[in-house]
Protein chains: 2
Amino acid sequence: MVSKAVVSDIRDRLKTRGLRITPQRFAVYGNLLDRTDHPTVDQILEAINEELPIASKASVYTALTVLREVGLVREVLLDEGVTRYDANVQPHHHFVCADCGAIVDLPWNLLGDRLDLSQIPPSLDVTSYELTVRGRCGGCE
Amino acid sequence: MVSKAVVSDIRDRLKTRGLRITPQRFAVYGNLLDRTDHPTVDQILEAINEELPIASKASVYTALTVLREVGLVREVLLDEGVTRYDANVQPHHHFVCADCGAIVDLPWNLLGDRLDLSQIPPSLDVTSYELTVRGRCGGCE
DNA sequence: TTAAATGCAAACTATTTGCACGTAA
DNA sequence: TTACGTGCAAATAGTTTGCATTTAA
């Protein structure tokens, strides 16, 4: 695992942001970089403890909190009462399968320049926006 | 209260969908129709019990569940770990204030049908989509 | 060496559920 | 009359927190 970004790359990203490189943080961030399925805390915990127990649930929570604070990770809240995490911090949209709950990243240019911001009340100061597309994924038809 | 939709109108909507008209259901749906701020369960509870206690929290939960099942109400999940409710079931987008958490409905034609679906993988069967716009609202600048 | 991070368990918050009682139709 | 709804309290699920112990730098 941890194939997408090299070990030293992950270490650099953490260090650059003033974070200590602990095995737990490394495992959490490495795992997130390695997958695109927007896992929950439990899924991350299961993945990184698969071979040998390395982190507690509380540590995964705090690692994710800190990673989010420094901008390496973002939360994805869709439906259900679970928070999902994503190491893709570039702007993008999401597709959510109504059946299995799978989440798929969609390209940012899906929207292009089609947004007509003039229709938003001027009293609202817009800083970002993103699309949530719902439907059924390939495996659920 | 319950000014937007007339009392008999609310009764009809509930009856049409096979729902018994209980004071609790009536109050919950009437309150939701009367506001556009996407309240939480606690806010609805507080509002309908303001003058005289009429419903328990559990009843508000079950009323909302049933109202959602028959399509009179929808859930709005943004951030924070709270579910908000909306009696506006027409397609529309949302603005969320990053400071105070206020939610404002945005018109559907902000985006309309101008989504470039060709960029979505054909294996994904799209049934709906909506935009979440973030920023700062008038009161929070 | 030491400030920062971990692990555990307890605390919290939001929501769901089981069941006896009440009530709309 | 009776199937459906309510209220309460207990149960769950997700997340946060306090604190003693460990550890990265």
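Residues numbered from 1 in each chain as written. Chains lettered and ligands numbered in written order. Predicted model: local features only at pLDDT ≥ 70, side-chain atom pairs only at ≥ 80, totals over all residues. Heavy atoms only, no water.

(A) Representation of the pairing of strand 3 (residues 93-97) of chain A. Residues and elements named next belong to chain A. The buried fraction of strand 3 is high, at five of five residues. Residues of strand 3 alternate between two faces, with His93, Phe95 and Cys97 on one and His94 and Val96 on the opposite face, all of them buried. Looking at chain direction, strand 3 and strand 4 (residues 103-106) are connected through four bridges and run antiparallel. Paired with Phe95 across the strands is Val104, a residue of strand 4. (Buried < 20%, exposed > 50% of the residue type's maximum accessible area, 1.4 Å probe, protein only. Helix = DSSP H or I, 4+ residues; strand = E, 2+ residues; numbered from the N terminus. Pairing = 2+ DSSP bridges.)

(B) Spatial organisation of the sheet that holds strand 3 of chain A. Sheet architecture is open: six strands sit in the order 4(A)-3(A)-5(A)-5(B)-3(B)-4(B), paired in mixed fashion. The two strands at the open ends of the sheet, each matched to only one other strand, are strand 4 of chain A together with strand 4 (103-106) of chain B. The mean inter-strand angle of the sheet, taken between neighbouring strand axes irrespective of direction, is 25°. Across eleven bridges, strand 5 (residues 125-136) of chain A lies against strand 5 (residues 125-136) of chain B in antiparallel orientation. Each residue of the ladder has a partner; that of Val126 of chain A, found in strand 5 of chain B, is Gly135 of chain B. (Axes fitted to C-alpha atoms, helices over the stretch in contact; angles between N-to-C directions.)

(C) Broad picture of the packing of helix 2 (residues 23-34) of chain B against helix 3 (residues 41-48) of chain B. All names here are of chain B. Where helix 2 meets helix 3, the closest approach of the two axes is 10 Å, and the angle between their N-to-C directions is 105°. When the axis of helix 2 is compared with that of helix 3, the two are roughly perpendicular. For the pair helix 2 and helix 3, contact is made by Ala27, Val28, Asn31 and Leu32 and by Ile44, Ala47 and Ile48, respectively. Taken together, the residues of the contact of helix 2 with helix 3 sort by class into six nonpolar, one polar and no charged. (Parallel < 35°, antiparallel > 145°, perpendicular 65-115°, else oblique. Contact = heavy atoms within 4.5 Å. Nonpolar A, V, L, I, M, F, W, Y, C, P; charged D, E, K, R; others polar.)

(D) Structural context of the nonpolar core. Grouped together as the largest cluster of nonpolar side chains are 24 residues, with contacts concentrated most on Leu131 of chain A together with Leu131 of chain B. When contributions to this core are tallied by element, the ones reaching two or more residues are strand 3 and strand 5 of chain A together with strand 3 (93-97) and strand 5 of chain B. Top element by residues in this core is strand 5 of chain B. It accounts for three residues. Discounting residues that sit within four places of it in the chain, Leu131 of chain B has contacts with Leu111, Leu115, Tyr129, Glu130 and Leu131 of chain A together with His93, His94, Leu110 and Leu111 of chain B. (Core = buried A, V, L, I, M, F, W, Y, C linked by side-chain atoms within 4.5 Å.)

No statement about biological role is implied by the geometric values presented.
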